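Commentary on secondary and tertiary structure
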Amino acid sequence: MIKYIIILIIGVLIILALLPSYIRIKGHSMYPTLRDRGIYRVITRPFVKEYKRGDIVVIYVQGIIPYTKRIIAVGGDKLRVTYKGKVYINGREIQEPYVLPKNYGGKSVNVVVPDGCYFVMGDNRRASTDSRDFGAVERWQMLGKVILKERGKCQQK
């Protein structure tokens, strides 16, 4: 009997892990890529093999509030962000078509990202709390990757 209960519990956990996860965006830090109050699908941690520059991720920093940010640099990268918003990785300026010109700016940084860590920033740099404030994040702090397909309006309840 106990054997069947254990098998049932494991089966339920597997099914729950395979169900789609969604997140509701709160705020404008990822505008224009993600909209405030939009609902997006998240590929959760067990199903993400790797994270790379450009990925949009859900992270937990400073408590239980999730942040949605873009990975700008990975472990070992030398990163420089100017006050005017230009981003340089290992001495080369990167192009960021997802950042509107009016959204550039904010805090400047000059760091080497520690191995095993990720430097994340919002696409709306002027309205984003990100690694410029709380530092680089580790993989265990990531809930998953955001898929850029928003749920339909009829599904948002």
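Here is a short report on the structure shown in this document. Being a predicted model, the structure only gives us computed values, none of them experimental.

Some points on the overall build of the protein
- Of the regular secondary structure elements, the protein holds two helices and eleven strands.
- Listing the helices and strands of the protein from first to last along the sequence gives α-β-β-β-β-β-β-β-β-β-α-β-β.
- Taking all 157 residues of the protein together, 39% fall into the buried category.
- Restricting to contacts in the protein with at least 6 residues of sequence separation, those with at least 24 account for 59%.
- Carbon and sulfur atoms make up 59% of the accessible area of the protein, which amounts to about 9700 Å² in all.
- Mean positive and mean negative side-chain charge positions of the protein (28 and 12 charges, respectively) differ by 7 Å.

A closer look at the packing of aromatic side chains
- Across all of its chains, the model carries two aromatic pairs by this definition.
- With a centroid separation of 6.0 Å and 75° between ring planes, the pair formed by Y51 and Y118 is classed as edge-to-face. Of the two residues, Y51 is situated in the loop between β2 (39-44) and β3 (56-60) and Y118 in strand β9 (residues 117-121); the sequence distance between them amounts to 67 residues. Across the pair, Y118 and Y51 agree in class, each one buried.
- Ring geometry for Y67 against F134: centres 5.6 Å apart, planes inclined by 50°, an arrangement best described as tilted. Separated by 67 residues along the polypeptide, Y67 in strand β4 (residues 66-74) and F134 in helix α2 (residues 131-134) bring together distant segments of the chain. We note that Y67, like F134, is buried.
- Stacked on the ring of Y98, the Lys or Arg R70 has its end atom at 3.6 Å from the ring centre.
- It is R80 that lies over the ring of Y88; its NZ or CZ is 4.4 Å from the centre.

What counts and how
Residues numbered from 1 in each chain as written. Predicted model: local features only at pLDDT ≥ 70, side-chain atom pairs only at ≥ 80, totals over all residues. Heavy atoms only, no water. Helix = DSSP H or I, 4+ residues; strand = E, 2+ residues; numbered from the N terminus. Buried < 20%, exposed > 50% of the residue type's maximum accessible area, 1.4 Å probe, protein only. Contact = heavy atoms within 4.5 Å. Areas by Shrake-Rupley, 256 points an atom, 1.4 Å probe, with all protein chains shown as cover. Lys, Arg positive; Asp, Glu negative; His and termini not counted. Charge placed at Lys NZ, Arg CZ, Asp CG, Glu CD. Phe/Tyr/Trp six-rings, centres within 6.5 Å; stacked < 30°, edge-to-face > 60°. Lys NZ or Arg CZ within 6 Å of the ring centre and 35° of its normal.

Fair warning: the whole summary comes from geometry, so function is off the table for now.
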